[in-house]
Amino acid sequence: MATSSDPVLKPLFKEYQFDGLVGPTHNYGGLSVGNLASQKHRGKISNPKLAALEGLAKAKFVHDLGVGQALLPPQFRPSLRALRTLGFAGSDEEILSKAASTQSGIFLRLVSSAASMWAANAATVAPSSDTEDGRLHILTANLSSMFHRSIEADQTKKVLKKIFSDAKYFQVHDPLPSAGGHFSDEGAANHLRLHTSKGTVHLFAWGRSAWLPRNTALKMPKKHPARQTLEASEAVARILQIKSAKVLFPKQLPESLDAGAFHSDVLAVSHLNTLLIHERAFEDQIKLLRDLRRLLGEELEVIEARTKELSLNDAVQAYPFNSQILSLDSNKKMVILAPEDSRKNVKTRKFFDRIVSSKKNSIDAVHYLSVRQSMQNGGGPACLRLRVAMTEDERSSIRARVFLSDQIYEPLVRWVEKFYRDRLEADDLEDPKLARESMQALDELTQILELENIYEFQS
Ligand code: SUG
């Protein structure tokens, strides 16, 4: 018999979108192999101020829809600590200038990326309804497949521990071991959760295996690397304490990795009972969808784009699946928040028109927003947020002022306008003034968000 704790009967859980604020050093370093946008925009002049304002405008839009919205602070960059670890010594100025003149400045670019904005890669989250011990579990991602992202993990863990601090409700786990890339974990960008009154299923996607026997005929991408391992995905599911009968491990299709879908959230997004997916997202997708229907019953709504309707290239270029599907508080209806790029692309626009006009799904409307600065580094609306579904008690245990409200929105916009540059190119990264501006900016941000002493330079 259903009880009052059944989230289908009573919406005890509210989903919060934790968006990563864009940091003051947002730039186009061309750092991510296999991420076509990052490669294409390498060396272009960036606009950190516009990037941060686009991110804030998206968060405000979601908040105004009545959806829970929160923020995660950016990381301090350039990371002088990482440069010291690599042997660069001296004053801050000397370190920056030595790094800038070594190997065409690659080290400086690696430690200057504002990539923590893509909060979908920060961690993987399981709500307390799904876990063995009834607490909400968060596993910090190690991001070990790319150096510039791997240096995020320690600070991410610190921030998550500070926000989700009440051990009665939350457990924030340390990242998986990163040695050898065997447990390479990219966080919620490779995680889907689906829920109907029949059950809940978690899908942990992966693209390669560290230890499957060599005679296993695994098909691998030919052009681009696969980031997440099967072994990492399995460990994530164990650590999050998901009830095992409800866990699946789909493999990213090598062809889709080669087309530039480096995370599975480039081709699939889920929300409650709804799955928006490209036909070429996973291997054996016909079987996967059959399994999902068996586990979740008729309430499952799958909206699948066929290749002839939408090619992989269109999907990777316009990011329609890297959208946010949001439930409005007041009714069962859902809306899609999609990147402006997918309105401009005729194919993806038609796909969304088809979805909205169909009676067979819960999608009521599609809203298009520009997050161009982030998109040019391969990060759409869904990359910019980490979803955390919480009960009211869990949410009210959080003391930090990280939930977006009208009271903090304006101060945040003024804060960006005060500190952020509207133009940044590779040569600017060695400017010690940029590092100082970033420190001042982040110091002031911690006061707005009431998250004191999260940065090393503050202690
Ligand atoms: O890891 N881009 C990020 C984009 C992450 C997108 N996230 C999700 N799909 N959830 C990445 O490839 C580019 C940085 C540069 O090139 O400077 C970058 O790191």
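Everything numeric here is computed off the predicted structure, so don't read it as measured data.

(A) Fine view of the sheet that holds strand β8 (residues 247–248). The mixed open sheet is built from three strands, whose spatial order is β6-β7-β8. The open sheet is flanked by β6 (191–196) and β8, the only strands paired with a single partner. Both strand β7 (residues 199–204) and β8 contribute to a ladder of two bridges, which runs parallel. Across the sheet, the residue bridging to Leu203 is Leu248, located in β8. The strands touched by helix α10 (residues 285–296) within the sheet are β6, β7 and β8, with β7 carrying the most contacts at an inclination of about 155 degrees.

(B) Geometry of the side chain of His137. Relative to the elements of secondary structure, His137 occurs in strand β4 (residues 136–140). Given the relative accessible area of 0%, His137 is considered buried. Side-chain polar atoms of His137 contact the side chain of Asp133, separated by 2.9 Å.

(C) Examining the pairing of β4 more closely. The element β4 is largely enclosed, with a buried count of five among its five residues. Side chains Leu136, Ile138 and Thr140 project from β4 onto one buried face, and the interleaved His137 and Leu139 project onto a second face that is buried too. Sheet topology note: the β4/strand β5 (residues 170–173) ladder contains four bridges and is parallel. Bridging across to β5, Leu139 finds its partner in His173.

(D) Structural view of helix α2 (residues 48–64). An ideal rise of 1.5 Å per residue puts 24 Å on 17 residues; α2 measures up with 24 Å between its terminal C-alpha atoms. Phi turns positive one or two residues past the end of α2, at Gly66, with a value near 95 degrees.

(E) Representation of the nonpolar core within the structure. Core analysis: the biggest nonpolar cluster contains 110 residues, and Phe18, Phe164, Leu276, Leu292, Met390 and Trp415 have the highest contact counts within it. Per-element accounting of this core gives the leading share, seven residues, to helix α16 (residues 406–419). If we ignore the near neighbours within four places in the chain, the residues touching Phe164 are Phe18, Ile138, Phe170, Val172, Val388, Met390 and Ile398. Ala126, Phe204, Ala232 and Val247 belong to the second-largest nonpolar core, a separate cluster that totals 11 residues.

(F) The site of the ligand, seen in detail. In the vicinity of the ligand, 20 residues are found, and the nearest of them are Leu31, Ser32, His148, Asp265 and Cys383. Measuring from an oxygen atom of the ligand, one finds a side-chain N or O atom of Arg149 at 3.0 Å. Measuring from a nitrogen atom of the ligand, one finds a side-chain N or O atom of His263 at 2.8 Å. Within the complex, the protein chains bury 100% of what would otherwise be the 490 Å² of accessible surface of the ligand. Here the residues of the shell around the ligand are counted per class, giving six nonpolar, 11 polar and three charged.

(G) Inspection of the confidence of the model for the protein chain at higher detail. Residues with a pLDDT of 70 or more make up 96% of the protein chain, whose mean pLDDT is 95. The low-confidence segment residues 1–10 (pLDDT under 50) makes 10 contacts with residues lying over four places distant or belonging to another chain.

Quick notes on the rules
- Residues numbered from 1 in each chain as written.
- Predicted model: local features only at pLDDT ≥ 70, side-chain atom pairs only at ≥ 80, totals over all residues.
- Heavy atoms only, no water.
- Pairing = 2+ DSSP bridges.
- Helix = DSSP H or I, 4+ residues; strand = E, 2+ residues; numbered from the N terminus.
- Contact = heavy atoms within 4.5 Å.
- Axes fitted to C-alpha atoms, helices over the stretch in contact; angles between N-to-C directions.
- Buried < 20%, exposed > 50% of the residue type's maximum accessible area, 1.4 Å probe, protein only.
- Polar contact = N/O pair within 3.5 Å; in protein donor to acceptor, adjacent residues only side chain to side chain.
- Expected span 1.5 Å × (residues − 1).
- Core = buried A, V, L, I, M, F, W, Y, C linked by side-chain atoms within 4.5 Å.
- Near = heavy atom within 4 Å.
- Areas by Shrake-Rupley, 256 points an atom, 1.4 Å probe, with all protein chains shown as cover.
- Nonpolar A, V, L, I, M, F, W, Y, C, P; charged D, E, K, R; others polar.
- pLDDT = per-residue confidence, 0-100.

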